[in-house]
Amino acid sequence: MATLTEFRRVADGVRNWGRWGAADELGTLNFITPDKVAHAASLVRHGRVFPLGVDFGSSGPQGAFKFRHNPVHVMTVDGGDARTLTEYGPKWLRNSVGRELSAFFEDNPFRFNDDLIIMPLQAATQWDALSHVYYDDHLYNGFPASSVTSLGAYHCGIDKVDGKGITTRAVLLDLVRHRRADTFLAAGDPITPGELDEVAAAQGVDVGRGDIVLIRTGWWARFLEAGDGTEPYSGLDWRCATWLHEREVAAVAADNLMVEDPVSGVDGTFLPLHMLCLRDMGLMLGEYWDLTALAADCAADGVYEFQLVAPPLRVVGAVGSPVNPIAIK
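For the structure given in this document, a descriptive report is provided here. (Residues numbered from 1 in each chain as written. Predicted model: local features only at pLDDT ≥ 70, side-chain atom pairs only at ≥ 80, totals over all residues. Heavy atoms only, no water.)

### Side note on the overall build of the protein chain
What counts is decided by this rule: The way it works is that DSSP assigns letters per residue, a run of H or I at least four long becomes a helix, a run of E at least two long becomes a strand, and they are numbered from the N terminus. When checking whether two residues touch, look at their non-hydrogen atoms; a contact exists if any pair is within 4.5 Å. Note on areas: these come from Shrake-Rupley sampling with a 1.4 Å probe, and a residue is covered only by the protein chains present in the view.
Along the backbone of the protein chain there are ten helices and 13 strands. When the backbone C-alpha atoms are referred to their principal axes, the protein chain occupies close to 75 × 50 × 40 Å. Long-range pairs, those at least 24 residues apart, make up 80% of the contacts in the protein chain with a sequence separation of at least 6. Total accessible area on the protein chain stands at roughly 15,000 Å², and carbon and sulfur atoms take up 54% of it.

### Section: the sheet that holds strand β7 (residues 167-174)
Definition in use: Two strands are counted as paired when DSSP detects at least two bridges linking them. Interaxial angles span 0 to 180 degrees and are taken between N-to-C directions of axes, which are lines fitted to C-alpha atoms, for helices over the stretch in contact.
The nine strands are arranged β1-β13-β11-β7-β8-β9-β10-β4-β12 in an open sheet whose pairing can be described as mixed. Of all strands in the sheet, those bounded by a partner on one side alone are β1 (49-51) and β12 (320-322). Strand after strand, the sheet turns through a mean of 25 degrees between neighbouring axes, direction not considered. Pairing geometry for strand β4 (residues 126-128) and strand β10 (residues 284-287), over three bridges, is antiparallel. Looking at the pairing, Q126 lines up with E287 of β10. Contacting β7 and β11 (305-309), helix α2 (residues 34-42) runs over the sheet at an angle of about 60 degrees to β7.

### Structural notes on the pairing of β7
Condition: Three exposure classes are used, based on accessible area relative to the maximum for each residue type with a 1.4 Å probe and protein chains only: buried under 20%, partly exposed in between, and exposed over 50%.
Most of β7 is tucked away, with eight of its eight residues classed as buried. As judged from the five bridges shared by β7 and β11, these two strands associate in the antiparallel manner. What sits directly across from T168, in β11, is L308. Across five bridges, the pairing between β7 and strand β8 (residues 212-216) is parallel. The residue bridging L173 from the neighbouring strand is I215, located in β8.

### Brief notes about the layout of surface pockets
Our working rule: Site definitions follow a grid-based scheme: protein atoms alone, a 1 Å grid, a 1.4 Å probe that fits but cannot get out for cavities, and for pockets an open set with protein on both sides within 12 Å along at least five of seven lines, plus lining residues having an atom within 4 Å of a point. Grid points are joined across faces, edges and corners, and a volume is the space filled by probe spheres set on the points.
Considering only enclosed or pocket space, the largest pocket measures out at about 300 Å³ in volume. Around the largest pocket sit 14 residues that line it, and R68, H132, F270, L271 and H274 are the ones nearest its centre. Roughly 160 Å³ of internal volume is contained in the second largest pocket. Residue lining of the second largest pocket: G53, V54, D55, F56, G57, S59, G60, W220, F223, L224, G227 and D290, and that is the complete set.

### Describing the packing of aromatic side chains
Note the cut-off: Ring pairs are drawn from Phe, Tyr and Trp, using the six-membered ring of Trp, whenever the two centres fall within 6.5 Å, and their geometry is named by plane angle: stacked under 30 degrees, edge-to-face over 60, tilted for the rest.
Following the criterion strictly, the structure yields ten aromatic pairs and no others. Ring centres of W219 and W220 lie 6.4 Å apart, and the angle between their planes is 45 degrees; this geometry places the pair in the tilted category. With a relative accessible area of 6%, W220 lands in the buried category. For the pair W219 and Y288, a centre-to-centre distance of 6.0 Å together with 55 degrees between the ring planes defines the contact as tilted. Of this pair, W219 sits in helix α7 (residues 219-226) while Y288 sits in the loop between β10 and α10 (292-301), and the two are 69 residues apart along the sequence. On the basis of relative accessible area, Y288 is assigned to the buried category, the value being 1%.

### Things to note about the packing of helix α1 (residues 4-14) against helix α9 (residues 272-281)
Keep this limit in mind: Just so you know how the angles are binned, under 35 degrees is roughly parallel, over 145 roughly antiparallel, 65 to 115 roughly perpendicular, and the rest oblique. Crossing handedness: left-handed means the near helix sits turned counterclockwise from the far one by under a right angle, and right-handed means the same turn made clockwise.
α9 packs onto α1 with a crossing angle of 30 degrees between their chain directions and a minimal axis gap of 10 Å. The angle between α1 and α9 places the two elements in the roughly parallel class. Remark: the crossing between α1 and α9 carries right-handed chirality. In contact with F7, V10, A11 and V14 of α1, α9 contributes P272, M275, L276, D280 and M281.

### Regarding the pattern of salt bridges
Test applied: Whenever a carboxyl oxygen of Asp or Glu lies within 4 Å of a side-chain nitrogen of Lys or Arg, that contact is scored as a salt bridge.
Tallying each qualifying case throughout the model produces 24 salt bridges. R19 is paired through a salt bridge with E248; the nearest N and O atoms lie 2.6 Å apart. Linking R19 in the loop between α1 and α2 with E248 in the loop between α8 (240-246) and β9 (251-254), this pair joins segments that are 229 residues apart in sequence. Of the charged contacts in the structure, one is a salt bridge between K36 and D211, with a shortest N-O distance of 2.7 Å. Here K36, found in helix α2, pairs with D211, found in the loop between α6 (193-203) and β8; they are 175 residues apart in sequence, far enough to count as distant. For K36, a relative accessible area of 14% gives the class buried. In the salt-bridge network here, residues are joined through shared partners; they are K36, R169, D206, D211 and E305.

### So, the nonpolar core
Heads up, the condition is: Nonpolar cores are built from buried Ala, Val, Leu, Ile, Met, Phe, Trp, Tyr and Cys residues. Side-chain atoms within 4.5 Å join them into one set.
Counting 74 residues, the largest nonpolar core has W127, L173, L214, I215 and W289 as its most contacted members. At six residues, the largest contribution of residues to this core is made by α9. The contact partners of L173, leaving out residues within four places of it in the chain, are L196, V199, A200, Q203, V205, V213, L214, I215, R216 and W243.

### Here we look at α6
In plain terms, the rule: When we speak of the arc, we mean the arc of directions from the helix axis to the C-beta atoms.
Among the residues of α6, E195, L196, V199, A200 and Q203 are the ones counted as buried. An end-on view of α6 places all buried positions within 140 degrees of arc, on one side of the element. For α6, the exposed residues lying more than 90 degrees away from the buried face are A201 and A202. Phi for G204, located one or two positions after α6, is positive at around 70 degrees.

Structure follows, in structure tokens:
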């Protein structure tokens, strides 16, 4: 177990504050240059598309954290409304909404359905914005934590990165296959920087500036089997922050709920990798990505690099966003 003193030493080593100017709110996404985007497009050889997003629905992975719930999907207009309003007519309707709907359906064939969804922005496949996690009263690049209020994040909100696009070369590191695990990496054996090097070497792939790294732990496949959103697993050790920093990675995403190992590894704090990546490096984290089909294809053809397209929703002031990432080979 490392001490907070050791943690702060690593934090000082990976911190990118001021690297791209005092006003920067993009962090390591700055590593994704136009040349990098063009190179990523050149990796598409066969036109095979792999959606990496999971279902947003009532059977999703949330519920373990009491402040997050699975999405609630509500129909606001449906075929039953059209039939009822047409049958009974607008005369008995006293509210303006009912009268307006009735006017749509009366004396013409036009019909429509409408719906809404109520959910945490991090209910399923998502990006953590740089404003999601902080410590010592500061966000990434030294912005005050107080700039995130009940009205949203003034600095480092997810809307600040949408214009960047988030499309680049991505690399899958398949820890499940490397460890020959049946389904997923069971709890108790965190992924170390040295093991990331071993996996990359075994797969014949390099990780470099502007890449997005996808970590397959098998947790999502296990969730589909057991339906337990609280089941522990092995994720990235907190010291992997240095590995990501040295390679100038643009972002990292995994198929589990926190990317990092749920056992802290640093005495006296929780989720140290989140703090180092989001607050110090300015490196976004993606969680609940489904990497199963992509991993099978990579194992079949031996190609573990591809174009990734993963823009967030432009939710102003949000500290996270749903995403439906697409890998293209």
